[in-house]
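What the coordinates show
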Amino acid sequence: MGLFLTDGLCPAAVNKFNDENAYHRVFRSCITDNIDPSMFKDLYTAGKGAGSQNPRVLMAMLIFKEAKGMTDLELEHSMQFDPCTRYAIGLDDNVTKLPCLKTYTNFVKRMRDYDEAGGKDGQMFADRVFESVNSKLAERFGVKGYDVRIDSTLFGTNIGYCSRFRIVSDALGKFAKSKDFEKIEASDIRERISAAVLGNPVRVEYDSTRAEVSKKMLEIGTLMHKVISVLGDDVDGTFRRVFSDQFVVSEGIDGKAVVSIKPGKQMLSDSVQNVNDPDAGYRKKYDPKRGLCLQVAEAFSSDPREVNLITACLVTPINKPDNECYQPLIEQSARVTGSLPKNSYQDGAYWSAENAVYGDGKIKPCFTALSGSIPSHAFTRGEDGKPMVTCLATGKVVPLLPVKTRKDGSEEKFKFQYDTDEKGKPKYRTMTTGEIDAAILRESFRHSPGTEKKKRNNVEATISATVCNLDGDKTKYRGIWRNQLYFSCHCLGINARRIELHVSKKSRKGKAQGAA
């Protein structure tokens, strides 16, 4: 192997390597060269000095790996034998020593330690890199971000299905292997814990009846309650969460605490699904899913000469409503492009009265597929600005009557007749002024032009691109932090691929015009 990356390559391979529109060259110029080295000084302190490897190269390795869907070993092999990979991550020759996997994993750990310590203004380090690189891309390619479309998808994390018995058994077993176990001074409790965690919980379930499993689960719950009573705040947070998720404590006849198994109907969707990933929740949308949720915002333009970029990426708990993620996505997109969007396109899951007026009227949202049946009455405002109610069946305006409010200064209310009962007595519905304002906004979005609603559709392709490397709708990682790092890097890789297609298309057009 020679000094230069192209040494030993055949002429065809050299031409491919030198192609300015190839992915490795676009990745180098758009991603690697745009990583700000000064950002990494926050990761290194007096006690943890910088290593011998360039942190920009390490960050580029991470982004390139997640963009290609590689494992760590595949990345190492590609760096050793593929000159395109070496060039993409910032290496210009064959003699520079490659970062070893230990250095790479320590770099990721350093980022995690920094974020767990609070980071900078509570923002993840990977998010800062994502925004910094994307803002330079937006400036370079003229992406204004005036039009944004938003969507979300559920994905599973790297955990398997665990029954309730296995969850509590694993939690107690994990505690028995921790240093906190030595803090239990009572030898009888320690012996009972050691006996309870013996054997494989899956095998115990297989060999036992349902009543026997419930009895053993209750024994574990009683032991967990004793541990929490003895150690108090020293107990691991996941251990405490599992106990509160699975058991109920009540007061017995003798005044002592009695532990019982919580009924299945009282289980919450944010309960711990696996002790190895306490961030993962449960949600049944189409199929049951145990994992997290990905939120994506994409800046686009109707002009085909402009490139569309992913400007916001957010990983949230699986049971967090989409409408609580709308404003953070808009804010991150604005930080990337440097301006608030003028139009946003998203489905009805992002609807709320606050989101509809977010941005002080500077943003015009378009909500498609609003949930709920078609209302029987329409809310509008008259020429005088006062709300009006129209019965859609008859087309007549229904009087909106004020309701006497309480003296506590509660919100003003109105009522209108929406139906009659069997005896012919009128049925009234009472609404606050805030609810009426929300109904007026919702009605206006329901009648948005079809051409406007269709502008959201292509975000589905973006969602498909973000999860294309998943194995069975599951990532290789656990927890919100690691999955946020993965998707931030993967979305940067998607942007590099879009820019590659964009510049290749412009190059082909230029050659065709030159030939003509």
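In the block above lies the structure referred to throughout.
Note that the structure is a prediction, hence the values are computed from the model and not measured. (Residues numbered from 1 in each chain as written. Predicted model: local features only at pLDDT ≥ 70, side-chain atom pairs only at ≥ 80, totals over all residues. Heavy atoms only, no water.)

This brings us to the overall build of the protein. Within the protein, the secondary structure is distributed over 18 helices and 14 strands. Structurally, the protein occupies a C-alpha span of about 95 × 80 × 45 Å along its principal axes. Looking at the protein residue by residue over its 516 residues, the buried ones come to 44%. For the protein, the proportion of contacts with a sequence separation of at least 24, taken over those separated by at least 6, is 65%. Accessible surface, the protein as shown: approximately 27500 Å² in total, 50% of it carbon and sulfur. (Helix = DSSP H or I, 4+ residues; strand = E, 2+ residues; numbered from the N terminus. Buried < 20%, exposed > 50% of the residue type's maximum accessible area, 1.4 Å probe, protein only. Contact = heavy atoms within 4.5 Å. Areas by Shrake-Rupley, 256 points an atom, 1.4 Å probe, with all protein chains shown as cover.)

Moving on, we get to the environment of Ala67. Along the chain, Ala67 falls in helix 3 (residues 55-68). Through-space distance from the C-alpha of Ala67 to that of Cys489 is 6.7 Å; in sequence the pair is 422 residues apart. Those residues in contact with Ala67 that sit more than four places away from it in its chain are Tyr23, Asn469, His490 and Gly493.

The next subject is the layout of surface pockets. Empty space within the largest pocket amounts to approximately 380 Å³. For the lining of the largest pocket, the element with the highest residue contribution is helix 15 (residues 433-446), accounting for six residues. Its residues placed into classes, the lining of the largest pocket shows seven nonpolar, three polar and five charged. Approximately 320 Å³ is the volume attributed to the second largest pocket. Pro304, Glu306, Val307, Arg498 and His502 are, among the 13 residues lining the second largest pocket, the residues nearest its centre. No other element matches helix 18 (residues 480-515), which puts seven residues into the lining of the second largest pocket. The residue makeup of the lining of the second largest pocket, split by class, is three nonpolar, two polar and eight charged. (1 Å grid on protein atoms, 1.4 Å probe; cavity = no way out; pocket = protein on both sides within 12 Å on 5 of 7 lines; lining within 4 Å. Points joined across faces, edges and corners; volume = space filled by probe spheres on them. Nonpolar A, V, L, I, M, F, W, Y, C, P; charged D, E, K, R; others polar.)

Another point: the state of the cysteines. Applying the stated criterion across every chain, the model contains zero disulfides. The thiol of Cys293 is not disulfide-bonded; the next cysteine sulfur, from Cys325, is found 6.5 Å away. When its relative accessible area of 0% is taken as the criterion, Cys293 is described as buried. Cys313 supplies the cysteine sulfur nearest to Cys491, a cysteine that is in no disulfide, at a spacing of 4.0 Å. (Disulfide = S-S within 2.5 Å.)

Further remarks concern the packing of aromatic side chains. As enumerated under the stated definition, the model contains 18 aromatic pairs in all. Ring geometry for Tyr23 against Phe64: centres 6.5 Å apart, planes inclined by 45°, an arrangement best described as tilted. With Tyr23 in helix 2 (residues 23-30) and Phe64 in helix 3, the pair connects residues that are 41 residues apart, well separated along the chain. Between the aromatic rings of Phe40 and Phe107, the centroid separation amounts to 5.9 Å while the plane-to-plane angle is 45°, which identifies the pairing as tilted. Taken together, the positions of Phe40 in the loop between helix 2 and helix 3 and Phe107 in helix 6 (residues 101-116) put the pair 67 residues apart, joining distant regions of the chain. Each residue in the set Phe40, Phe107, Tyr114 and Phe125 is aromatic and connected to the rest through ring pairs, giving one cluster. Taking the ring centre of Tyr428 as reference, the NZ or CZ of Lys415 above it sits at 4.6 Å. (Phe/Tyr/Trp six-rings, centres within 6.5 Å; stacked < 30°, edge-to-face > 60°. Lys NZ or Arg CZ within 6 Å of the ring centre and 35° of its normal.)

This brings us to the sheet that holds strand 14 (residues 426-432). Spatially, 12-13-14 is the arrangement adopted by the three strands of the open sheet, whose pairing is antiparallel. Lying at the two open borders of the sheet, with one neighbouring strand each, are strand 12 (401-403) and strand 14. Between one strand axis and the next, the sheet turns through 45° on average, direction left out of account. As defined by bridge partners, strand 12 adjoins strand 13 (residues 413-420) across three bridges and the pair is classed as antiparallel. Within the sheet, the bridge partner assigned to Leu401 lies in strand 13 and is Lys415. Packed onto the sheet, helix 15 meets strand 13 and strand 14 and runs at close to 95° relative to strand 14. (Pairing = 2+ DSSP bridges. Axes fitted to C-alpha atoms, helices over the stretch in contact; angles between N-to-C directions.)

So, about the nonpolar core. Membership of the largest hydrophobic core comes to 64 residues, with the highest contact counts inside it found for Ile31, Met59 and Met111. Among the elements of the structure, helix 2, helix 3, helix 4 (72-81), helix 6, helix 7 (125-141), strand 5 (288-300), strand 6 (309-317) and helix 18 are those that each provide at least two residues to this core. For this core, the element with the highest residue contribution is helix 18, accounting for 10 residues. With residues up to four places along the chain from it excluded, the contact list for Met59 reads Ile35, Phe40, Phe107, Met111, Val129 and Cys489. Membership of the second largest hydrophobic core comes to 28 residues, among which are Phe175, Ile193, Val242 and Phe247. (Core = buried A, V, L, I, M, F, W, Y, C linked by side-chain atoms within 4.5 Å.)

Taken as a whole and judged by the stated rule, the model has 21 salt bridges. Note that Asp170 is salt-bridged to Arg166, the shortest N-O span being 3.5 Å. Taken as a pair, Asp170 and Arg166 lie in helix 8 (residues 164-176) at a separation of four residues, close to a single helical turn. Look at Asp170 and you get partly exposed, because its relative accessible area is 22%. Arg166 sits in the partly exposed class, given a relative accessible area of 28%. Its salt-bridge partner being Arg456, residue Glu460 comes within 2.9 Å of it at the nearest N-O pair. Take Glu460: its relative accessible area is 37%, and that puts it in the partly exposed class. (Salt bridge = Lys/Arg side-chain N within 4 Å of Asp/Glu carboxyl O.)

The terminal C-alpha atoms of helix 7 lie 25 Å apart, and with 17 residues this matches the ideal 24 Å at 1.5 Å per residue to within 8%. Burial analysis of helix 7 places 13 of its 17 residues in the buried class, the great majority of the element. Trailing helix 7 by a residue or two, Gly142 shows a phi angle of about 70°, which is positive. (Expected span 1.5 Å × (residues − 1).)

Moving on, we get to the side chain of Ser169. Checked against the element boundaries, Ser169 lands in helix 8. Look at Ser169 and you get buried, because its relative accessible area is 8%.

Phi is positive for Asp360, which is not a glycine, with a value near 55°. Here Asp360 shows up in the loop between helix 14 (353-356) and strand 8 (364-368).

Let us now look at the sheet that holds strand 9 (residues 377-381). Hydrogen bonds between backbone atoms are what pair the strands of a sheet, whose relative direction is either parallel or antiparallel. Spatial ordering of the open sheet is given by 9-10-11, a layout of three strands whose pairing is antiparallel. The sheet is open, and its two borders are formed by strand 9 and strand 11 (397-398), each paired with just one other strand. Alignment of strand 9 against strand 10 (residues 387-391), held across five bridges, turns out to be antiparallel. Within the sheet, the bridge partner assigned to Thr380 lies in strand 10 and is Met388.

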